[in-house]
There are 2 protein chains.
Amino acid sequence: MAPIITISREFGSGGHSIGEKVAEKLGIPFYDGEIVRRVAEESGYAKDLIEEQGEHTSMGNRWFDISTASAMYFQSPQDEIFLAQRKVILDCAASGPCVIVGRCSDYILKSEEIRALNVLIHADMEHRISRIIERYGELKEISAKKRIAKKDKQRRTYYRYYTDQHWGNYENYDLALDSGTLGEDTCVHMICELAERF
Amino acid sequence: MAPIITISREFGSGGHSIGEKVAEKLGIPFYDGEIVRRVAEESGYAKDLIEEQGEHTSMGNRWFDISTASAMYFQSPQDEIFLAQRKVILDCAASGPCVIVGRCSDYILKSEEIRALNVLIHADMEHRISRIIERYGELKEISAKKRIAKKDKQRRTYYRYYTDQHWGNYENYDLALDSGTLGEDTCVHMICELAERF
């Protein structure tokens, strides 16, 4: 049986697309945008806000403590979205093997002692810029680079805030792959290969 | 044809043993202890000193600049050993596909624009302690932990000194594997699988 697979990814590394192909090859559900839809149902917040806040936070100087979260008098919309998203991610995992992209899913499953195959997809700046320009045709190289730097920073800050750990620490992943040097198809192949032996 | 493979490893993660099996499976030379023997020939320093200094440095607060190294009036024995080791590593790579373990080999080959498959092997502390105790039978858990912490620090400092980069940054590796969660055989399989597609 295939395992639960979490995919953490650098913006522009193709992690979404790799995760989608892995799920298709293994015949298991793929959760990325679908999480947003379910969190909207769960929390009542608009999908746009969830997409905006679901991996970003501006709270750089304090940390979220999940153990006291339910006892807190005031929760920001961001924290409410995080909690709803956490519940949705745990529900996805509870329903069996699947691929879940981003949103601290590796940390959330670990904190509940749910064993998953945790994968990190990264690529050098040059490959990420080409990919972003290809995807959002109108962008110039300089804008693509700025967009990548901003997204990276937002995701790292979000991860730091909700997990109190640094994003991208190799110790958190069973497998880390450079999609720039290896290419998307090889990454898909390697993840499926490992999933079969896991 | 198999590629040149460099293996960076945490002490106690089984990187040496994994590298040896990969080389055997692919039918290519394996360089770890052999490097020490060749550096001894090259530099005239004793093998014991090379083993001791070949991945360690006490120079925590300055950096080695390879571009000015040959013009320097005074070189420490450590720097001389590094330079001899660098030459040996480049010679190994020049003779064709092989597996090279540690000693900044990933950085040394990159700096000469020699393309290699760069692999990082890591494992959590618990797995590393068991492995070290198994290997050096007499060690107690607390001594194993101290030994791991010391070796990690020495290798990181050495890498930092000679490359001016942080050891273990995922960006430097095509593939990173957790030998603790995946096991040695799966790591060997994954590296060989990637080597065939590289």
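From a predicted model like this one, the values you see are computed outputs, not experimental measurements.

## Thoughts on the overall build of chain A
Within chain A one finds nine helices and five strands. For chain A, the succession of helices and strands along the chain, N to C, is β-α-β-α-α-α-β-α-β-α-α-β-α-α. Taken against the 2.2 N^0.38 rule, which gives 16 Å for 198 residues, the C-alpha radius of gyration of chain A at 16 Å falls within 12% of a compact globule. When the 198 residues of chain A are sorted by exposure, 43% land in the buried category. Taking all contacts inside chain A whose residues are at least 6 apart in sequence as the whole, residues at least 24 apart take part in 71%.

## Examining the confidence of the model for chain A
In this model, chain A carries an average pLDDT of 89, and 90% of its residues clear a pLDDT of 70 or more. Scored as a whole, the predicted complex attains pTM 0.90, and scored at its interfaces, ipTM 0.89.

## Focus on helix 9 (residues 184–197) of chain A
Counting along an α-helix, one turn takes 3.6 residues, and residues three or four places apart therefore face a common direction. Compared with an ideal rise of 1.5 Å per residue, which puts 14 residues at 20 Å, helix 9 of chain A spans 21 Å between its outermost C-alpha atoms and is within 8% of the ideal. Inspection of helix 9 of chain A places Thr186, Cys187, Val188, Met190, Ile191, Leu194 and Ala195 of chain A among the buried residues, and these make up the whole buried set. Where the residues of helix 9 of chain A are buried, they touch strand 1 (5–9), helix 1 (15–26), strand 4 (117–122), strand 5 (175–178) and helix 8 (179–182) of chain A together with helix 10 (184–197) of chain B.

## Some details on the nonpolar core
Ranked by size, the top nonpolar core spans 96 residues in total, and within it Ile5, Val99 and Ile191 of chain A together with Ile5, Val99 and Ile191 of chain B carry the most contacts. When neighbours within four sequence positions are excluded, isoleucine 5 of chain B is seen to be in contact with Val22, Val99, Ala116, Leu117, Val119, Ile191 and Ala195 of chain B.

## Side note on the interface of chain B and chain A
Chain B puts 18 residues into the contact, and the matching count from chain A is 18 residues. Only strand 4 (117–122), strand 5 (175–178), helix 9 (179–182) and helix 10 of chain B provide two or more residues apiece to the side of chain B that touches chain A. If you tally residues by element for the side of chain B that touches chain A, the top one is helix 10 of chain B, at five residues. Relative to strand 5 of chain B, strand 5 of chain A is paired through three bridges, and the arrangement is antiparallel.

## Here we look at the relation of the copies chain B and chain A
The transformation that overlays chain B on chain A combines an axial shift of 0.0 Å with a rotation of 180°, and the residual RMSD is 0.0 Å. Here the copies are linked by what is in effect a two-fold axis. Taking the C-alpha atom as reference, chain B places alanine 176 of chain B closest to the rotation axis, 2.4 Å from it. Most of the interface of chain B is mirrored in chain A, where 100% of its interface residues are also at the interface.

## What about the packing of helix 1 of chain A against helix 9 of chain A?
The geometry of a pair of packed helices is captured by two quantities: the angle between their axes and the separation between those axes. Residues and elements named next belong to chain A. Direction vectors running N to C along helix 1 and helix 9 enclose 45°, while the axes themselves pass 9 Å from each other. Looking at the two axes, helix 1 sits oblique to helix 9. Helix 1 and helix 9 meet at a crossing whose hand is right-handed. Residues Ser17, Ile18, Lys21, Val22, Lys25 and Leu26 of helix 1 pack against Glu184, Cys187, Val188, Ile191, Cys192 and Ala195 of helix 9. Residues belonging to the contact of helix 1 with helix 9 are distributed by class as follows: eight nonpolar, one polar and three charged.

## Looking at the sheet that holds strand 4 of chain B
Read from one edge of the open sheet, ten strands run 2(A)-3(A)-1(A)-4(A)-5(A)-5(B)-4(B)-1(B)-3(B)-2(B), paired in mixed fashion. This sheet does not close on itself; its edge strands, each paired only once, are strand 2 (30–31) of chain A together with strand 2 (30–31) of chain B. Bridge analysis of strand 2 of chain B against strand 3 (residues 99–101) of chain B gives two bridges, and the strand direction is parallel. Note that in strand 3 of chain B the partner of tyrosine 31 of chain B across the bridge is isoleucine 100 of chain B.

## Some words on the pairing of strand 1 of chain A
Residues and elements named next belong to chain A. Burial within strand 1 is extensive, with five of its five residues counted as buried. Side chains Ile5, Ile7 and Arg9 of strand 1 all project onto a buried face; the interleaved residues Thr6 and Ser8 project onto the opposite face, where all are buried too. Direction of pairing for strand 1 relative to strand 3 (residues 99–101): parallel, over a ladder of three bridges. Bridge pairing links threonine 6 to isoleucine 100 in strand 3.

## What to know about helix 7 (residues 125–135) of chain B
Residues and elements named next belong to chain B. The set of residues buried in helix 7 consists of Arg128, Ile129 and Arg131. Burial along helix 7 is one-sided: seen end-on, the buried residues are contained in an arc of 165°. Turned more than 90 degrees away from the buried face of helix 7, the exposed residues are Glu126 and Glu134.

## Structural notes on the environment of aspartate 185 of chain A
All names here are of chain A. Examined against the element boundaries, aspartate 185 turns out to sit in helix 9. Overall, aspartate 185 belongs to the exposed group, with 12 C-beta atoms counted inside 10 Å. With 163 residues separating them in the primary sequence, aspartate 185 and valine 22 have C-alpha atoms 9.7 Å apart.

## Some details on unusual backbone geometry
For arginine 103 of chain B, which is not glycine, the phi dihedral falls at a positive 60°. Residue class for arginine 103 of chain B comes out buried when judged on the 26 C-beta atoms lying within 10 Å of it.

## Structural notes on the packing of helix 9 of chain A against helix 10 of chain B
In contact at an axis separation of 11 Å, helix 9 of chain A and helix 10 of chain B are set at 155° when each is read in the N-to-C sense. It follows that helix 9 of chain A is roughly antiparallel to helix 10 of chain B by the angle criterion. Crossing of helix 9 of chain A against helix 10 of chain B: the hand is right-handed. Seen from helix 9 of chain A, the contacting residues are Thr186, Met190, Glu193, Leu194 and Arg197 of chain A; seen from helix 10 of chain B, they are Thr186, Met190, Glu193, Leu194 and Arg197 of chain B. Looking at side-chain class alone, the contact of helix 9 of chain A with helix 10 of chain B contains four nonpolar, two polar and four charged residues.

Criteria and thresholds
Residues numbered from 1 in each chain as written. Chains lettered and ligands numbered in written order. Predicted model: local features only at pLDDT ≥ 70, side-chain atom pairs only at ≥ 80, totals over all residues. Helix = DSSP H or I, 4+ residues; strand = E, 2+ residues; numbered from the N terminus. Rg over C-alpha atoms; globule rule 2.2 N^0.38 Å. Buried ≥ 20, exposed ≤ 12 C-beta atoms within 10 Å, placed from the backbone. Contact = placed C-beta atoms within 7 Å. pLDDT = per-residue confidence, 0-100. Expected span 1.5 Å × (residues − 1). Core = buried A, V, L, I, M, F, W, Y, C linked by C-beta atoms within 7 Å. Pairing = 2+ DSSP bridges. Least-squares fit on C-alpha atoms with pLDDT ≥ 70 in both. Axes fitted to C-alpha atoms, helices over the stretch in contact; angles between N-to-C directions. Parallel < 35°, antiparallel > 145°, perpendicular 65-115°, else oblique. Left-handed = near helix turned anticlockwise from the far one by under 90°. Nonpolar A, V, L, I, M, F, W, Y, C, P; charged D, E, K, R; others polar. Arc of directions from axis to C-beta.

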